[in-house]
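Spelled out from the first residue to the last, the chains are:
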Amino acid sequence: MSTETRHQASHPPEARNSDQPLAPLYRAVWRWHFFAGIVVLPFLFVLSVSGLLMLISKPLEPLLLNELTTVTATEPALPASALLATVEAAHPHQQVKLYLPPSSPTESARFVLVAHGGAGHGGHGAPATTVFINPYSGEILGSHDPASTFYAQVKTLHGSLMLGNLGDTLIEVVAGLAVLMVITGLYLAIRGKRRQTSAQTAFAQRENWRQAHRWTGVAVALPLLFFLLSGMAWTNVWGGKMVQGWSALPGTRLDAALAARDLRSSEPPPSTEQHQHSAMNESGVHQVPWVLEQTPMPSPTSGTPHAPGLDLDAVNAIATAEGLETFRVHLPQDANGVWTVSATTIAGDITNPLNERVLHLDPHNGQLIAELTFADYPWLGKAMAAFIPTHQGDLGLWNWLLNLLLVLAIIALMIASVVMWWKRRPARAYQLAPPAATPAQSRGVIAVMLVLAVCFPLSGAAMVVVILVDTLLISRVPTLRALLK
């Protein structure tokens with residue numbers, strides 16, 4: 001018995017006839033939706049499950065570190081400079097990079113240390129150590145590597161599949177193809193119609209799965225596009241090379257500080273990551289907003305290198321006087337470094353991106369060199385300042401619950417798609433069985449793919465490969481044509 005005969009025998013007449021009235025464009029869109037799904041679903045499943053684990057583990061991590069983070073309040077607290085001296089004495093071979101003041105009377109103070117000269121390199125920065133210290137007694141409670149926690153490990157899986165730059169590239173390719181999958185899926189959902197299912201139970205079950213997939217897809221289409229595009233902002237090519245560079249500051253608030261540095265030196269301004277805001281990040285930990293990562297750091301406007309000046313207590317006092325309640329202090333890392341006080345959503349200091357502030361202070365006299373706020377960001381920078389914390393569920397309990405619901409819906413959508421394919425495929429036949437469509441019928445879909453290819457180059461290259469394989473191989477090689485019939 002031939003494969004086609006087995007296919008016909010395995011489904012009732014209603015199932016065989018249900019596909020006949022479909023328009024050629026509908027079938028072509030369906031075919032490319034199918035091909036995009038084959039590539040996307042395995043990766044999207046990993047991203048969804050890892051995202052779910054991140055959401056679940058994030059509120060649990062403080063409980064696991066309770067012995068390090070919780071202290072008994074016994075006023076008065078020691079000066080921050082005294083705590084800094086204790087940490088430096090206990091870790092003479094490391095450099096203190098960051099200070100996080102306690103956000104409540106029963107919370108410990110934290111210092112982040114890196115190896116001397118270990119300035120970060122964006123999201124792939126130097127390894128760091130977080131030291132917890134009792135702000136009342138000065139006792140060091142312990143330390144840990146922030147990149148080694150369960151949440152950080154799952155985040156690495158979510159961001160690069162544990163494959164470094166290769167995984168980052170794969171995710172960028174898949175994310176662009178996922179955009180195609182969502183667009184074609186929306187077309188199918190809008191143009192598709194419920195088919196008669198009363199005659200045969202098997203076909204009725206298949207139609208029920210189809211409708212579940214259809215309406216779940218409609219419900220999560222826009223949130224899924226949001227997750228894809230905001231996530232791609234961290235990728236190397238589309239994010240780092242195409243979007244982040246022209247969306248970053250400097251803006252007017254940094255022009256004076258940067259000009260002052262250039263006037264003092266005949267050397268061209270540094271452009272390496274060590275002299276950008278990304279240097280304030282550590283391995284796997286983002287301390288500064290996406291929009292600022294490629295922004296050059298200002299330099300001191302007065303004094304001489306290594307001259308005595310501001311200390312940690314004075315910086316804390318300035319931050320408090322500026323109205324900041326929850327913030328972190330970035331210490332100067334070299335002779336030309338400045339003190340930086342930041343309160344941002346990406347670092348978890350605040351939950352409203354409209355209130356983001358980054359202050360750069362002259363280390364010699366405490367002068368405010370530059371202040372960067374949400375209002376100073378370019379329009380895309382403003383969007384990403386809001387989108388990225390929303391993507392991560394950092395804007396409060398409502399955001400966490402909404403993301404949890406959306407991720408579960410996306411996982412359910414993928415499960416329904418696999419069940420649909422299983423019920424539709426020919427019985428006992430080893431075929432992927434995508435909908436049939438000629439290259440001529442696929443021209444409209446290919447036009448959409450070309451537009452997406454311009455927007456997402458790596459995904460575009462993958463689309464071109466798929467088009468060439470489908471046109472030159474699948475349609476010409478009988479064995480492949482039979483497999484993908």
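Use the structure listed above.
First things first, this report covers the structure right here in the doc. Nothing here was measured: the structure is a model prediction, and the numbers come from that model.

What counts and how
- Residues numbered from 1 in each chain as written.
- Predicted model: local features only at pLDDT ≥ 70, side-chain atom pairs only at ≥ 80, totals over all residues.
- Heavy atoms only, no water.
- Helix = DSSP H or I, 4+ residues; strand = E, 2+ residues; numbered from the N terminus.
- Buried < 20%, exposed > 50% of the residue type's maximum accessible area, 1.4 Å probe, protein only.
- Lys, Arg positive; Asp, Glu negative; His and termini not counted.
- Salt bridge = Lys/Arg side-chain N within 4 Å of Asp/Glu carboxyl O.
- Polar contact = N/O pair within 3.5 Å; in protein donor to acceptor, adjacent residues only side chain to side chain.
- Contact = heavy atoms within 4.5 Å.
- Expected span 1.5 Å × (residues − 1).
- Axes fitted to C-alpha atoms, helices over the stretch in contact; angles between N-to-C directions.
- Parallel < 35°, antiparallel > 145°, perpendicular 65-115°, else oblique.
- Left-handed = near helix turned anticlockwise from the far one by under 90°.
- Nonpolar A, V, L, I, M, F, W, Y, C, P; charged D, E, K, R; others polar.
- Pairing = 2+ DSSP bridges.

Locating glutamate 107 in the fold gives a position in the loop between strand 1 (94–100) and strand 2 (109–115). In this structure glutamate 107 is buried but unpaired, with arginine 110 as the nearest side chain of opposite charge at 4.2 Å. For glutamate 107, the side chain forms a polar contact with the main-chain nitrogen of serine 103, separated by 2.9 Å. Those residues within four positions of glutamate 107 in sequence are excluded, and the remaining contacts are Thr69, Val71, Pro101, Pro102 and Pro135.

Between its first and last C-alpha atoms helix 13 (residues 379–392) spans 20 Å; for 14 residues at 1.5 Å apiece the expected length is 20 Å, and the two agree. Where helix 13 is concerned, the buried positions are Leu380, Gly381, Ala383, Met384, Ala385, Ile388, Pro389, Thr390 and Gln392. Where helix 13 terminates, the next one or two residues include glycine 393, which has phi positive at roughly 75°.

Next up on the list: the packing of helix 3 (residues 24–57) against helix 7 (residues 150–160). Axis separation between helix 3 and helix 7 bottoms out at 9 Å; the angle between their running directions is 160°. Relative to helix 7, the element helix 3 is oriented roughly antiparallel. The interaxial crossing formed by helix 3 with helix 7 has left-handed handedness. Across the interface between the two elements, Val46, Leu47, Ser50, Gly51, Leu53, Met54 and Ser57 from helix 3 touch Phe150, Tyr151, Val154, Lys155, Leu157 and His158 from helix 7. Here the residues of the contact of helix 3 with helix 7 sort into eight nonpolar, four polar and one charged.

Right, let's talk about the pairing of strand 3 (residues 129–133) for a bit. Successive side chains on a regular strand alternate, one facing one side of the sheet and the next facing the other. With respect to burial, strand 3 is a largely interior element, five of its five residues being buried. By the alternation rule, side chains of strand 3 split into Thr129, Val131 and Ile133 and Thr130 and Phe132, which are all buried. Of the pairings in the sheet, the one linking strand 2 to strand 3 comprises five bridges and is antiparallel in character. Residue arginine 110 lies in a different strand from strand 3, and its bridge partner there is phenylalanine 132. Pairing between strand 3 and strand 4 (residues 140–144): four bridges, direction antiparallel. Bridged to phenylalanine 132 within strand 4 is glycine 142. Linkage of strand 3 to strand 4, two consecutive antiparallel strands, is achieved through a turn of six residues, within which glycine 138 is found at a positive phi near 80°.

Read these as spatial facts, not as claims about activity.
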